[in-house]
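Here is what each chain is made of, one letter per residue.
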Amino acid sequence: MKKKFYIASGLLSILLMGCNNPDNSTPIPESKEVTQKVVSHNVVQNSVVQDMVETPKKTVSKVKYIDKPIVTEEGMLYIKGFMGSIKPTLNSALKQDGNHVTAMSTCSSMATQMTNEYNNITNGVKIRRTALKYRNPKNKPDETDKEVMYRFQAVNDFKPVAVDMGNTYRVYKPLKTKASCLYCHGSKSDINPKIAKMIQKKYPHDLATDFKLGELRGVVVAEFKK
Ligand code: HEC
């Protein structure tokens, strides 16, 4: 029972989080308005400090966090819908072979296509995954992504957050490193040599190893029109 769950959650992670890479994920440029506005509770705190020590204004966070549950809920709905849409494929891949080596190869081909398909049918919504230490260069974070992830790390909180990007909203769902993730994102010395070889071949500039249990692995981002 336990083992079954393990395999299932391992594979789930691969396809849900570990495998899709939207080709059409060109980030929407940050609006100027966003960079000029001073928002979010963090920033308010910072600016009090700034007034006291006269720190230059440019250290103020550019990310405009918003506290609107309805926006966060909409984003989470897209993220969950996306994950649900790729679950069946994932399960059949699991049935073929419960091992992660197979999963690795299924990864890039199938999940990319599915992410693109999902993004095509959901008008005005774009789903992607990113991380500070990323495996696929196509998943490289932009400046807003980075700031949000630094914040997740700093507060060590895994609740989703919403960001105002001007014409769009972004909802970020943080992903914790689970035991099942370590098969492919754990310490280099622990990763199965077969998997390590495949990673090395397909992602020669891989940064996504040496994660520890419970750490932030990355985020799923839903971006949608206001
Ligand atoms: C079977 C190996 C495997 C497992 C297990 C796995 N991943 Fe990955 N992961 C990958 C591969 C391969 C990529 C690159 C996929 C691509 O080309 O977009 C990746 C990419 C990612 C990305 C996108 C950012 C990046 O690094 O390119 C995130 C986020 C991610 N994985 C999170 C997780 C989480 C969280 C878990 C555990 C719940 C997990 N992965 C388990 C293989 C795996």
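The present account deals with the structure reproduced in this document. Keep in mind that this is a model prediction, so the values were computed, not measured.

**Examining the packing of aromatic side chains**
(1) Moving on: Taken as a whole and judged by the stated rule, the model has 2 aromatic pairs.
(2) Moving on: With a centroid separation of 5.2 Å and an interplanar angle of 65°, the aromatic rings of tyrosine 78 and phenylalanine 224 are classed as edge-to-face. Of this pair, tyrosine 78 sits in helix H4 (residues 69-96) while phenylalanine 224 sits in strand E5 (residues 216-225), and the two are 146 residues apart along the sequence.
(3) Moving on: Taking the centre distance of 6.2 Å and the plane angle of 55° together, the rings of tyrosine 169 and phenylalanine 224 count as tilted. Remark: phenylalanine 224 occurs in strand E5 and tyrosine 169 occurs in strand E4 (residues 168-176); sequence separation between them is 55 residues.
(4) Moving on: By relative accessible area, which is 12% here, tyrosine 169 ends up buried.
(5) Moving on: Through a chain of ring-to-ring contacts, three or more aromatic side chains come together here, namely Tyr78, Tyr169 and Phe224.

**Quick word on the environment of valine 171**
(1) Moving on: Looking at the element boundaries, valine 171 is found in strand E4.
(2) Moving on: The spacing of valine 171 and isoleucine 127 is 44 residues in sequence and 9.7 Å in space, taken between C-alpha atoms.
(3) Moving on: Apart from the residues within four sequence positions on either side, valine 171 is in contact with Val71, Thr72, Gly75, Met76, Ile79, Pro160, Val161, Ala162, Val220, Val221, Ala222 and Phe224.

So, how was this worked out
Residues numbered from 1 in each chain as written. Predicted model: local features only at pLDDT ≥ 70, side-chain atom pairs only at ≥ 80, totals over all residues. Heavy atoms only, no water. Phe/Tyr/Trp six-rings, centres within 6.5 Å; stacked < 30°, edge-to-face > 60°. Helix = DSSP H or I, 4+ residues; strand = E, 2+ residues; numbered from the N terminus. Buried < 20%, exposed > 50% of the residue type's maximum accessible area, 1.4 Å probe, protein only. Contact = heavy atoms within 4.5 Å.

Function cannot be read off these values alone, since they describe shape.
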